[in-house]
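Topology and contacts: notes
Below are the chains, spelled out letter by letter.
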Amino acid sequence: MTLWRPPVGTTTLVEPVDPIPGQEALTATVLADDRLLLDLGASPRPPTATDVVASFFTPDALMRLTGVLVAVDEREHTLYELVVKELECVQRREAPRVDIDLAASLLVPDAPGPMVTVLGRTKNVSSGGCRVTTHQQLAGSEPMLTIDLADDQKPVVAQAMVLSSEHHGSTWDYRLRFTSIDRDDRARIERLVAA
C-alpha cells in the first residue's frame, strides 16, 4: 500500500491517545517526509514513545494518521518520528469532484489595466468549484469562469473566488469555489460528476 506523506514544512495537530495533563494537543512541523520526522517547536515534550493521532488538513481532505511518536536525538535537540500504523482520509468537500480535462477561461472584470482573458484547462470539477491550470497569472481573486463541457451546448459560466494558487515554472494552478452559478449550469456539472 502506498502511504500518503505530508510535504516538508506542513504543520500538524498531534493528539496523544492517553495524554498527560497539559499535553492533550501538540503542534509539530514536518522536517522530513520520507520518515515523518517532526519538530514539536514550543509544544511540551511527550514521553519517549507515545501513541498519537496526527491530523493534516489538506485542501481536499483531512488526513488522520494513527501511530507512535518516538523521540529521536538529532541536531543537538530532540525531534520526533511518527511511525504510522493507520491512515484515514476524511472527505472535506461538500460536493464530490471528478478529474476531467476541459477547456476553461477566466476573466477578472475589476482587474487593474485592460481586461485580459486567461485560458486554461480544468484538472477537476464539482458543482461547488473546480481546479484550473493556466499558463498566465490571474490579475485578481474573483474571476468570471467559463468551462466548455464539450457536450455541444453552451459553456458553463460562474462567478468564482480563488481559494488557493500555486506557481510551478510556467504554470499556475488555481483552486476555485463558485460564488454564483446558474441553477441549470450547476445541474449540468452535477450530471457530469455523477456520470
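Just above sits the structure.
Residues numbered from 1 in each chain as written. Predicted model: local features only at pLDDT ≥ 70, side-chain atom pairs only at ≥ 80, totals over all residues. Heavy atoms only, no water.

Moving on to unusual backbone geometry. The phi dihedral of Leu-36 is positive, around 50°, even though this residue is not glycine. Mapped onto the fold, Leu-36 is located in the loop between β2 (26-32) and β3 (37-39). The class for Leu-36 is buried, based on a relative accessible area of 0%. (Helix = DSSP H or I, 4+ residues; strand = E, 2+ residues; numbered from the N terminus. Buried < 20%, exposed > 50% of the residue type's maximum accessible area, 1.4 Å probe, protein only.)

A word on helix α1 (residues 183-194). End to end, α1 covers 16 Å across twelve residues, agreeing with the expected 16 Å (1.5 Å per residue, within 8%). The complete set of buried residues in α1 reads Asp-185, Arg-188, Ile-189 and Val-193. Viewed end-on, α1 has its buried residues packed into an arc of 135°, placing them on one side of the element. Away from the buried face of α1 by more than 90 degrees, exposed residues Arg-183, Asp-184, Arg-191 and Ala-194 are located. Against the buried residues of α1 lie β7 (98-99), β9 (117-125), β12 (156-168) and β13 (171-181). (Expected span 1.5 Å × (residues − 1). Arc of directions from axis to C-beta. Contact = heavy atoms within 4.5 Å.)

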